[in-house]
Every structure is written in structure tokens, then in C-alpha cells.
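Tertiary structure, described
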Amino acid sequence: MKSFFVKNALVLSGSLIQGFGMGLFLFPHFIPSGGAGGITVLLNYWFGISMGTALWLVNFILLLAGVKFLGKRFALWTIVAITMTSISVDLFEQVGIGNRMLLVDLILGSIFLGAGIGILMRQGVSNGGIGVVALIISRKRNILPGRPLFSINFFIFLFTAVIIDWKIILLALISQWISTMVVNIIMQLSSQQIYTFDWRKKA
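The following refers to the structure shown. Predicted model, so just to flag it, every value in this text is computed and none were measured.

Right, let's talk about the environment of L170 for a bit. Here L170 shows up in helix α8 (residues 167-187). Assessed through its relative accessible area of 54%, L170 is described here as exposed. Counting along the chain gives 139 residues from L170 to I31, while the straight-line C-alpha distance between them is 9.5 Å.

What follows is the structure, encoded as C-alpha cells:
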């Protein structure tokens, strides 16, 4: 029972942290937080759907594809994560920051994003969207999820850049490089440093 509450606290914390990075720092500049974030930015750009709502829809649809491979418990935990993330994105988007600096927002947003994703993946929970695909690949090939996460997101960033602005792909790739490094650092921490779930096994 104690482990359940610890895991629940970490999942909520990881979701809040990545939502903080996305909503306060990345999305105001239309910088995709990942593959799902890229699709979210496109939905917002095309249809005016709020970032939080679009993010939840994209993540939920992609999550359905991962239930068969990752299990129902994994799906339930990930629904909790994407819901908390979407709520926090909408919440932090309302915070006004004067004299924004793109580089500072890019770095801070990417660090918080990577920290949130890393905490979630340490618990065997995806941050949703492409993270589901990355976890499936990582378990099948026994590799860190940061590598497939970066590769898949690259192609989505490319498409988003073609539609909106070419500078987006550069900003998105920098963001992904920073956040991926943070994810891998957290994934490699010893079990004594953070309560962890064996992410290589089916939830």
C-alpha cells in the first residue's frame, strides 16, 4: 500500500513538472514538447483547440494503441499522467511572464520537461503519446527509451515546421536533445536514489 502511494505521488509530480515546463515555457513559443506536442501545436494552430485539451486527446488516442503491449495497469497510470499534465498545461498557460527570453524559456522548459518524463518512465508510466511507442521499443530491444523517443519526434517536428515555421524544428530539436539527456540521466539513477518500477517489464 505504501508503494502505491509513493508511486502515485511520483506520477502526479512528474506530470505536474512536465506540464509546468510545457505550459509556462515551451508552448507560449509554439515549441513542440515532443511528437504528441507537435500534433497538439498543429491542432491549436489549425482549429484553435486549447493546448491542454488537444494534448489530452492526442495522448489518449495514441495510448489506446499501447494497451495491448504494455498492459491495462500501464494504461490506467498513463491516463492519470496525461490528465494531470493537460490540466497543469492549461493552468500554467494562464501565468503571464513579461519580457520573455526565448533561449531561457527553451532551456528551462526542456529541463522541466525531461525531468517530468524521466520521473514518469522510472515508474513504468509513459508521458503519453510517442512516449508509449518509445517504451514499447525500449522493452523489445532493451534500450533506454530516450533514443527512439528522439528519432520518432524528429519526423513529427519536421512536419510541424513545414506547416507553421521552419525555425520550430531547430527549437524543437534543441529542446528534445536537452530533455532526452535529462530523461536518460534520471533513468540511469540507482534504485537507492529514487523509488523505481522496472520499466522493462509489462505493467
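Structurally, D105 can be placed in helix α5 (residues 102-122). Residue D105 is classed as buried on the basis of its relative accessible area, which comes to 5%. Polar contacts involving the side chain of D105 include one to the side chain of R100, which spans 2.8 Å. Ignoring any residue separated from it by four or fewer positions in sequence, one finds D105 in contact with F25, L26, H29 and R100.

As a further point, take the nonpolar core. M22, F27, V89 and M121 are the most contacted members of the largest nonpolar core, which totals 21 residues. Of all elements in the fold, only α1 (2-26), α3 (51-70), α4 (72-93), α5, α6 (130-141) and α8 reach the threshold of two or more residues within this core. By size, the runner-up hydrophobic cluster in this structure holds five residues, among which are V11, W77, A81 and L120.

The next point concerns α5. Every α-helix winds through 3.6 residues per turn, so residues three or four apart in the chain are directed the same way. The terminal C-alpha atoms of α5, which comprises 21 residues, lie 30 Å apart, in line with the 30 Å expected from a rise of 1.5 Å per residue. At the C-terminal side of α5, G124 shows a positive phi close to 75°.

Another point: the pattern of salt bridges. Scanning all chains against the criterion turns up one salt bridge. One salt bridge in this structure joins R100 and D105, with 2.8 Å as the shortest N-O distance. Taking relative accessible area as the criterion, R100 reaches 27% and is therefore assigned partly exposed.

Now for unusual backbone geometry. Positioned with a positive phi, F30 is a non-glycine residue whose angle comes to about 60°. Position of F30 relative to the elements: it lies in the loop between α1 and α2 (35-47). Under the relative-accessibility criterion, F30 is labelled partly exposed at 35%.

What follows covers empty space enclosed by the protein. Evaluation of the coordinates by the stated rule reveals one cavity of 30 Å³ or more. What the largest cavity holds in volume is close to 170 Å³. The wall of the largest cavity is formed by 21 residues, among which S33, G34, I117, N127 and G128 lie closest to the centre. Looking at the lining of the largest cavity, the elements that each hand over two or more residues are α1, α2, α3, α5, α6, α7 (146-163) and α8. Residue composition of the lining of the largest cavity, grouped by class: seven nonpolar, 14 polar and no charged.

Taken together, the side chains of F154, F155, L158, V162 and W166 define a hydrophobic patch exposed on the protein surface, amounting to about 510 Å² of accessible area. Taking relative accessible area as the criterion, W166 reaches 52% and is therefore assigned exposed.

The next subject is the environment of G19. Relative to the helices and strands, G19 resides in helix α1. Judged by relative accessible area, which is 0%, G19 ranks as buried. Along the primary structure G19 and S179 are separated by 160 residues, whereas in three dimensions their C-alpha atoms are 13 Å apart. When residues no more than four places from it in sequence are discounted, the contact partners of G19 are L24, T85, S88, V89 and F92.

Cut-offs applied
- Residues numbered from 1 in each chain as written.
- Predicted model: local features only at pLDDT ≥ 70, side-chain atom pairs only at ≥ 80, totals over all residues.
- Heavy atoms only, no water.
- Helix = DSSP H or I, 4+ residues; strand = E, 2+ residues; numbered from the N terminus.
- Buried < 20%, exposed > 50% of the residue type's maximum accessible area, 1.4 Å probe, protein only.
- Polar contact = N/O pair within 3.5 Å; in protein donor to acceptor, adjacent residues only side chain to side chain.
- Contact = heavy atoms within 4.5 Å.
- Core = buried A, V, L, I, M, F, W, Y, C linked by side-chain atoms within 4.5 Å.
- Expected span 1.5 Å × (residues − 1).
- Salt bridge = Lys/Arg side-chain N within 4 Å of Asp/Glu carboxyl O.
- 1 Å grid on protein atoms, 1.4 Å probe; cavity = no way out; pocket = protein on both sides within 12 Å on 5 of 7 lines; lining within 4 Å.
- Points joined across faces, edges and corners; volume = space filled by probe spheres on them.
- Nonpolar A, V, L, I, M, F, W, Y, C, P; charged D, E, K, R; others polar.
- Patch = residues over 30% accessible without salt bridge, like charges linked within 9 Å, V, L, I, M, F, W, Y side chains within 5 Å.
- Areas by Shrake-Rupley, 256 points an atom, 1.4 Å probe, with all protein chains shown as cover.

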